[in-house]
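Residue strings, one per chain:
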Amino acid sequence: MAIETGVGGWEPTHLEAVGYGAATAATATSAYWAAMTIGRFVAVPLSLRWSATSILIVCCAGMAGFLLLATVPVLAPYAYFGVGLMIAPIFPTCLPWLNRAVPSVAAAGAYVIAASMIGGVAFPPLLGGVIGTMDVRTLPLLLFVLAVLCGVFSLWLRRHAHDPVGVDRPSESGRTDAVPAP
């Protein structure tokens, strides 16, 4: 949620700082939110084919890559669209996975939703404080660091979760189900 609200809140300021007009920055930010919506619908067929942790790892890597592209002013508006596509599948894919991974914690989903709401409210001002000591042009790099941390955490989850998420294997129905690694 931190990257999601970080981009959504600071993208227009970043784009204006690198030379775009307010109208272009607003349009690009609208495109970012549209990409989030499109990506949430795309998450459904993806989740039928690949495991939640595979989707999470690819999405974190994709976010990181697009955030690096956002450091190039001519690519920034398009890169933020890509960030939106990459962020979108994470929450709707991983929330059901969480319930499978820790079935003994009945309120795990509620805690994650509450934490994401707190992060969505608290992170943009914290990011603003950091940007205030640096420059808004560092926004993509700051968020890139978070995306990399997200990817590292995703790899750790893949290795340590007791949910069968180790190896993707097609089932008889053709669906790829996560099965434990030997």
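1. Quick word on the state of the cysteines
- Under the definition given, this model contains one disulfide.
- With a sulfur-sulfur separation of 2.3 Å, C60 is cross-linked through a disulfide to C150. Of this pair, C60 sits in helix α3 (residues 52-69) while C150 sits in helix α7 (residues 139-160), and the two are 90 residues apart along the sequence.
- Classification of C150 as partly exposed rests on a relative accessible area of 23%.
- Distance from the sulfur of C59, which forms no disulfide, to the nearest cysteine sulfur (C60) is 7.1 Å.
- Residue class for C59 comes out buried when judged on its relative accessible area of 5%.
- Free of any disulfide, C94 has its nearest cysteine sulfur in C59, 8.0 Å distant.
- A relative accessible area of 15% places C94 in the buried class.

2. Side note on the pattern of salt bridges
- Summed over all chains, the structure comprises two salt bridges.
- Ionic pairing is found between E4 and R40, a salt bridge with its closest N-O pair at 3.5 Å. Here the residue E4 occupies a position in helix α1 (residues 2-17), and R40 occupies one in helix α2 (residues 22-49), the gap between them amounting to 36 residues.
- Its salt-bridge partner being D135, residue R137 comes within 3.1 Å of it at the nearest N-O pair.
- On the basis of relative accessibility, which here comes to 46%, the residue R137 falls in the partly exposed class.
- A residue is classified by how much of its surface remains accessible, and D135, at 31% relative accessible area, is partly exposed.

3. Concerning the side chain of T29
- Locating T29 in the fold gives a position in helix α2.
- Residue T29 is classed as buried on the basis of its relative accessible area of 7%.
- At 2.8 Å, the side chain of T29 forms a polar contact with the backbone oxygen of A25.
- For T29, the contacting residues outside a window of four places in its chain are G8, E11 and P12.

4. Remarks on the confidence of the model for the protein
- Residues at a pLDDT of 70 or more form 88% of the protein, whose mean pLDDT is 84.
- Looking at the elements of the protein, mean pLDDT is at its lowest for strand β1 (residues 167-170), recorded as 42, and at its highest for helix α4 (residues 76-87), recorded as 96.
- This model gives residues 163-182 a pLDDT under 50, and the stretch forms 41 contacts once residues within four places in sequence are excluded.

Procedures and definitions
- Numbers given to residues run from 1 along each chain, matching the order in which its sequence is written.
- For this predicted model, a pLDDT threshold of at least 70 governs which residues receive local features, and a threshold of 80 or more governs which side-chain atom pairs are given and counted, while totals over whole chains, interfaces and linings are taken from all residues.
- Excluded from the side-chain calculation are hydrogens and water; included are all heavy atoms of the structure.
- Sulfur atoms of two cysteines make up a disulfide when they are within 2.5 Å.
- Numbering of helices and strands runs from the N terminus; a helix is a DSSP stretch of H or I covering at least four residues, while a strand is a stretch of E covering at least two.
- Throughout this description, buried means an accessible area under 20% of the type-specific maximum (1.4 Å probe, protein chains only), exposed means over 50%, and partly exposed covers the range between.
- Salt bridges are counted wherever a side-chain nitrogen of Lys or Arg sits within 4 Å of a carboxyl oxygen of Asp or Glu.
- By the criterion applied in these results, polar contacts are pairs of N or O atoms within 3.5 Å in which, for protein atoms, one can donate a hydrogen and the other can accept it, and in which residues neighboring in sequence qualify only through two side-chain atoms.
- Every residue pair with non-hydrogen atoms within 4.5 Å of one another is taken to be in contact.
- Here pLDDT means the predictor's own confidence in every residue, given as a number from 0 to 100.

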